[in-house]
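Here is what each chain is made of, one letter per residue.
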Amino acid sequence: MNEIYHIPAMLKETIQGLNIQPDGLYVDVTFGGGGHSRAILDQLSEQGKLYSFDQDLDTLQNVMHQDNWQFVHGNFRYLRNFMDYYGVKQIDGLLADLGVSFHHFDCPERGFSFRFSAPLDMRMNQTGGKTAADILNTYSEEDLARVLHIYGELKNSRQIAKKIVKAREQKAIERTEELVEVVMGRPVGLMDAAPQLLDNGYRELDIPTGAKKDLARLFQALRIEVNDEMGALREMLLAAKDLLKPGGRIVILTYHSLEDRMVKNFLRSGNLEGKIEKDFYGNILSPFKVIEKGMTASEEEVARNPRARSAKLRVAEKIV
Ligand SMILES: C[S@@+](CC[C@H](N)C(=O)[O-])C[C@H]1O[C@@H](n2cnc3c(N)ncnc32)[C@H](O)[C@@H]1O
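Keep in mind that this is a model prediction, so the values were computed, not measured. The written sequence of each chain sets the order in which its residues are numbered from 1. Owing to the predicted nature of the model, reporting of local features is limited to residues with pLDDT of at least 70; listing and counting of side-chain atom pairs is limited to 80 or more, with chain, interface and lining totals taken over all residues. Derived side-chain values reflect all non-hydrogen atoms in the structure, with water molecules and hydrogen atoms excluded from consideration.

**Observations regarding the overall build of the protein**
Put simply, the rule is: Secondary structure elements are taken from DSSP: a helix is a run of H or I of four residues or more, a strand is a run of E of two residues or more, and numbering for both begins at the N terminus. Computation of the radius of gyration draws on C-alpha atoms alone. For the globule rule, the value is 2.2 Å times the number of residues to the power 0.38. Think of it in three bands: with a 1.4 Å probe and only protein chains considered, a residue is buried below 20% of the maximum accessible area for its type, exposed above 50%, and partly exposed in between. Each accessible area is a Shrake-Rupley estimate made with a 1.4 Å probe; only the visible protein chains count as cover when residues are assessed.
Looking only at helices and strands, the protein has 13 helices and 12 strands in total. Over its C-alpha trace the protein gives a radius of gyration of 21 Å, about what one expects of a compact globule, namely 20 Å for 320 residues. Dimensions of the protein, computed from the C-alpha atoms along their principal axes, are close to 60 × 50 × 40 Å. Within the span of the protein, comprising 320 residues, buried residues form 51% of the whole. Accessible area for the protein stands at about 15600 Å²; split by element, carbon and sulfur atoms hold 48% of it.

Structural data, given as structure tokens:
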């Protein structure tokens, strides 16, 4: 299939936020299609260096061939360990463009999208770990309800969890259409598949428009749990704080309220609890100066790339 791997969101604003020093050392912890990494490299001299992380091996199809670029196949939660391995003590800037790429949503066999009939996988790192089907078939009703409530902000999380547990007593839930049918309470039809999908053996599901919003939240919740996205973000933020030089920039693009709240609190306070510490005179004691507080994509960009609609850009500078 001739697919667009990803279109980077807020590219110009992100690069501005990084305030790139040509000889500096930078980390892009979410390489994806490489759009942001490419733009960072374009601003670096031969003495500069960029490390780009991704846990998804499919991103190898986007690798660049340049001496001052290093790809790291790994989870960014291990940022500190990888930087130790490469002998890096301090960095001038870090970019995190969180979540999944277009490729994840558009590639039926990865199971991230309810648009296609496919196995419920949703792992960004295909080399191990639990799948969405594992979660659906093994978590207790209470744990399922918690995941759907916290990560999907679904109002009827308890009812959905009950339906899932009841359905799996008859038969394990393995495929996207099975989950959609359990939640909707009725069979779901197939669309006339586009020829390239037929070649691939995948079919498109005919989902009623009214059901799409809640299904998107349900699939988002499962994806966040499968990939422990909040846990990885927490660990990466703490490591980034230690690695950044004074004057170094951290630039983060978030896509849902939960991760955005965590990033906002962290960049304001320097801790995960968001606890603001003050000195004797009432001055805020934070290792960061906030530069950008949640900028969104321009109307023009959203018209061109509707998936940039939910992006929020946050930038901070390390001060101590
Ligand atoms: C929104 S995309 C990044 C797109 C990229 N900025 C571009 O210009 O194409 C997010 C990427 O980060 C990767 N990713 C998400 N969480 C990760 C983690 N904890 N560790 C490593 N990679 C991760 C995903 O596999 C995906 O490729």
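**Some remarks on the pairing of strand β2 (residues 49-54)**
Quick reminder of the rule: Between any two strands, pairing holds if DSSP finds at least two bridges. By the criterion used throughout, a crossover qualifies as right-handed when its path from the first strand across the helix to the second strand runs clockwise, the strands pointing away from the viewer.
Counting buried residues along β2, 5 of its 6 residues qualify, which places the element largely inside the surrounding structure. Relative to β2, strand β1 (residues 25-28) is paired through 4 bridges, and the arrangement is parallel. Residue Tyr 26 lies in a different strand from β2, and its bridge partner there is Leu 50. Since β1 and β2 lie parallel, the crossover through helix α2 (residues 35-43) that links them has a hand, and here it is right-handed. Relative to strand β3 (residues 69-73), β2 runs parallel, the two being bridged by 5 bridges. Looking at β3, one finds that Asp 54 is bridged to His 73.

**Comments concerning the sheet that holds strand β5 (residues 116-117)**
With respect to topology, 3 strands assemble into an open sheet ordered β5-β7-β6, the strand pairing being antiparallel. Bordering the open sheet on either side are β5 and β6 (189-190), each of which pairs with just one other strand.

**What about the domain arrangement of the protein?**
Quick note on the threshold: All the domain ranges listed were derived from an automatic or database domain assignment. The criterion used for residue contact is that any of the two residues' heavy atoms lie within 4.5 Å. Values labelled buried area give the accessible surface lost by two parts on being combined, using a 1.4 Å probe and summing over both.
Each assigned domain of the protein is listed here: domain 1 (11-102 + 230-318) and domain 2 (128-226). A separation of 31 Å is found between the C-alpha centroids of domain 1 and domain 2. The partner domain 2 presents 6 residues to the 6 residues of domain 1 that form the contact. Contact with domain 2 buries area across many residues of domain 1, yet Met 230, His 256 and Leu 258 alone supply 63% of it, more than any other trio.

**A few points about a positive patch on the surface**
Worth spelling out the cut-off: To count toward a patch, a residue needs a relative accessible area above 30% and no salt bridge. Like charges then connect within 9 Å, nonpolar side chains (Val, Leu, Ile, Met, Phe, Trp, Tyr) within 5 Å. We count a salt bridge whenever a side-chain nitrogen from Lys or Arg sits within 4 Å of a carboxyl oxygen from Asp or Glu. His is not counted, nor are the chain ends; Lys and Arg add positive charge and Asp and Glu add negative charge. By convention, the point assigned to a charge is CZ for Arg, NZ for Lys, CD for Glu and CG for Asp.
Residues Arg 261, Lys 264, Arg 268 and Lys 293 make up a contiguous surface patch of positive charge. With 3 residues, the top contributor of residues to the positive patch is helix α12 (residues 257-269).

**A short note on the site of the ligand**
Worth spelling out the cut-off: Proximity is defined per residue: any heavy atom of the residue falling within 4 Å of a molecule or strand makes that residue near it. N or O atoms within 3.5 Å of each other form a polar contact, as long as, within protein, one can give a hydrogen and the other can take it, and as long as residues adjacent in sequence are counted only when both atoms are side-chain atoms. Amino acids are sorted into nonpolar (Ala, Val, Leu, Ile, Met, Phe, Trp, Tyr, Cys and Pro), charged (Asp, Glu, Lys and Arg) and polar (every other residue, Gly among them).
The environment of the ligand is formed by 24 residues, the closest being Gly 33, His 36, Asp 54, Phe 76 and Asp 97. Contact distances for the ligand include 2.9 Å between a nitrogen atom and a side-chain N or O atom of Asn 75. Contact between the ligand and Asp 97: a nitrogen atom at 2.7 Å from a side-chain N or O atom of the residue. Expressed as a share of its isolated accessible area of 600 Å², the protein-covered part of the ligand is 98%. Per-class residue counts for the shell around the ligand are 8 nonpolar, 13 polar and 3 charged.

**Things to note about the layout of surface pockets**
What counts, and what does not: Here a cavity is any set of points on a 1 Å grid over the protein atoms alone where a 1.4 Å probe fits but cannot get out, and a pocket is any open set with protein on both sides within 12 Å along at least 5 of 7 lines; a residue lines the site when it has an atom within 4 Å of a point. Grid points are joined across faces, edges and corners, and a volume is the space filled by probe spheres set on the points.
By volume, the second largest pocket is sized at about 160 Å³. In terms of lining, the second largest pocket is formed by Gln 55, Asn 75, Arg 77, Arg 123, Met 124, Asn 125, Gly 128, Gly 129, Lys 130, Val 226, Asn 227 and Asp 228. Considered class by class, the residues forming the lining of the second largest pocket number 2 nonpolar, 6 polar and 4 charged. Summarising the domain contributions, the lining of the second largest pocket has at least three residues from each of domain 1 (11-102 + 230-318) and domain 2 (128-226).

**Regarding the sheet that holds strand β8 (residues 244-254)**
Our working definition: Orientation is described by axes fitted as lines to C-alpha atoms, over the contacting stretch for helices, and by angles from 0 to 180 degrees between their N-to-C directions.
Pairing within the open sheet is mixed, and its 7 strands lie in the order β3-β2-β1-β4-β8-β12-β11. On the outer flanks of this sheet lie β3 and β11 (288-296), each paired with one strand and no other. Along the sheet, successive strands turn relative to each other by an average axial angle of 15°, direction set aside. Direction of pairing for β11 relative to strand β12 (residues 312-318): antiparallel, over a ladder of 7 bridges. Opposite Thr 296, over in β12, you have Lys 312 as the bridge partner. Each of β8, β11 and β12 touches α12; the most contacted strand, β12, lies at about 20° to it.

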